[in-house]
Amino acid sequence: MSQFGFVDSEVSPSSDPTIRVDEVREISQEAVRTLLDIDLQTFSEPTFSHYTAAAFLQTGHVFTLTVDSGVIGTCVFMRCWDRPNDANLLSMGILPGFRGQGLGQRFLIEVLDRLRARGVMGVTLTVGESNRRARKVYADAGFEGTGVRYEDPRTGDGFVQLRVQLGEPILTALPTP
């Protein structure tokens, strides 16, 4: 295991051998800094703090996309409370200089395959309605709209929920209190 805490490192057979997907399983200052750095370069406002980045590393599933020059992308997942077989994709980011090359789609498909192998049956995410590039990446990976829409009360920006089914449910949903 590296100082970064990578495990399950493998190169997808259909990908370039210089591209690697890793799952981060340990909290380190380097891992927290990497999550924060990619987040700040990906989104118009910060998504994570040092605390939340460390919490996701400890309790979620964090995957990185690495090329020869280093980590260029992250995917952050948490299990869903009301659908215990599902995960929520909280954040996916690829550094600006690496976008538009199909890396995001390849990264996401590899990560979804790994989640499926672990028994995750579905993944849900929320994305900006106007973010056509991200919506195309998600659609190409099999995500479809759920009909749920949110509006940011500060800006009025719309967000839509997307979901991909990875397999058949094993457990039933937890009852709502």
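Residues numbered from 1 in each chain as written. Predicted model: local features only at pLDDT ≥ 70, side-chain atom pairs only at ≥ 80, totals over all residues. Heavy atoms only, no water.

Caption draft 1: Quick peek at the layout of surface pockets. Size it by volume and the largest pocket reaches roughly 1,400 Å³. In this structure, the largest pocket is lined by 45 residues; those nearest its centre are F43, V127, G128, N131 and A134. Elements supplying a minimum of two residues to the lining of the largest pocket: β5 (86–94), α3 (103–117), β6 (122–128), α4 (132–140) and β8 (158–165). No other element matches the 7 residues that β5 contributes to the lining of the largest pocket. Of the residues assigned to the lining of the largest pocket, the class counts are 17 nonpolar, 19 polar and 9 charged. (1 Å grid on protein atoms, 1.4 Å probe; cavity = no way out; pocket = protein on both sides within 12 Å on 5 of 7 lines; lining within 4 Å. Points joined across faces, edges and corners; volume = space filled by probe spheres on them. Helix = DSSP H or I, 4+ residues; strand = E, 2+ residues; numbered from the N terminus. Nonpolar A, V, L, I, M, F, W, Y, C, P; charged D, E, K, R; others polar.)

Caption draft 2: How the structure looks around the packing of aromatic side chains. The full count for this structure, using the stated rule, is 3 aromatic pairs. Note on F63 and F77: the rings are 6.0 Å apart at their centroids and 85 degrees apart in plane angle, and the pair reads as edge-to-face. Highlighted residues: F63 in strand β3 (residues 61–67) and F77 in strand β4 (residues 70–79), separated in sequence by 14 residues. Given the relative accessible area of 1%, F63 is considered buried. (Phe/Tyr/Trp six-rings, centres within 6.5 Å; stacked < 30°, edge-to-face > 60°. Buried < 20%, exposed > 50% of the residue type's maximum accessible area, 1.4 Å probe, protein only.)

Caption draft 3: Structural context of the nonpolar core. Residues F77, L89, F107, V123, Y138 and F143 are the most contacted members of the largest nonpolar core, which totals 32 residues. Of all elements in the fold, only β3, β4, β5, α3, β6, α4 and β8 reach the threshold of two or more residues within this core. When residues in this core are grouped by element, the largest group, 6 residues, is from α3. Excluding anything up to four places from it in sequence, F77 contacts G60, H61, F63, A87, N88, L89, V111, L115 and V123. (Core = buried A, V, L, I, M, F, W, Y, C linked by side-chain atoms within 4.5 Å. Contact = heavy atoms within 4.5 Å.)

Caption draft 4: Representation of α3 within the structure. The terminal C-alpha atoms of α3, which comprises 15 residues, lie 21 Å apart, in line with the 21 Å expected from a rise of 1.5 Å per residue. Every buried residue of α3 is listed here: L103, G104, F107, L108, E110, V111, L112, R114 and L115. Positive phi appears at G119, one or two residues downstream of α3, with a value of about 95 degrees. (Expected span 1.5 Å × (residues − 1).)

Caption draft 5: The environment of F107, seen in detail. Along the chain, F107 falls in helix α3. Classification of F107 as buried rests on a relative accessible area of 0%. Between the C-alpha atom of F107 and that of V21, which follows or precedes it by 86 residues, the distance is 7.0 Å. Apart from the residues within four sequence positions on either side, F107 is in contact with V21, F63, T64, L65, G73, T74, C75, M92 and I94.

Caption draft 6: Quick look at the pattern of salt bridges. Under the definition given, this model contains 12 salt bridges. Across the salt bridge formed by R20 and D22, the nearest N and O atoms sit 2.8 Å from each other. Overall, R20 belongs to the partly exposed group, its relative accessible area being 28%. Using a relative accessible area of 1% as the deciding quantity, one classes D22 as buried. (Salt bridge = Lys/Arg side-chain N within 4 Å of Asp/Glu carboxyl O.)

Caption draft 7: How the structure looks around the environment of L36. Examined against the element boundaries, L36 turns out to sit in helix α1 (residues 29–42). The exposure class assigned to L36 is buried, which follows from its relative accessible area of 10%. In this structure the C-alpha to C-alpha distance between L36 and P46, which are 10 residues apart in sequence, comes to 8.0 Å.

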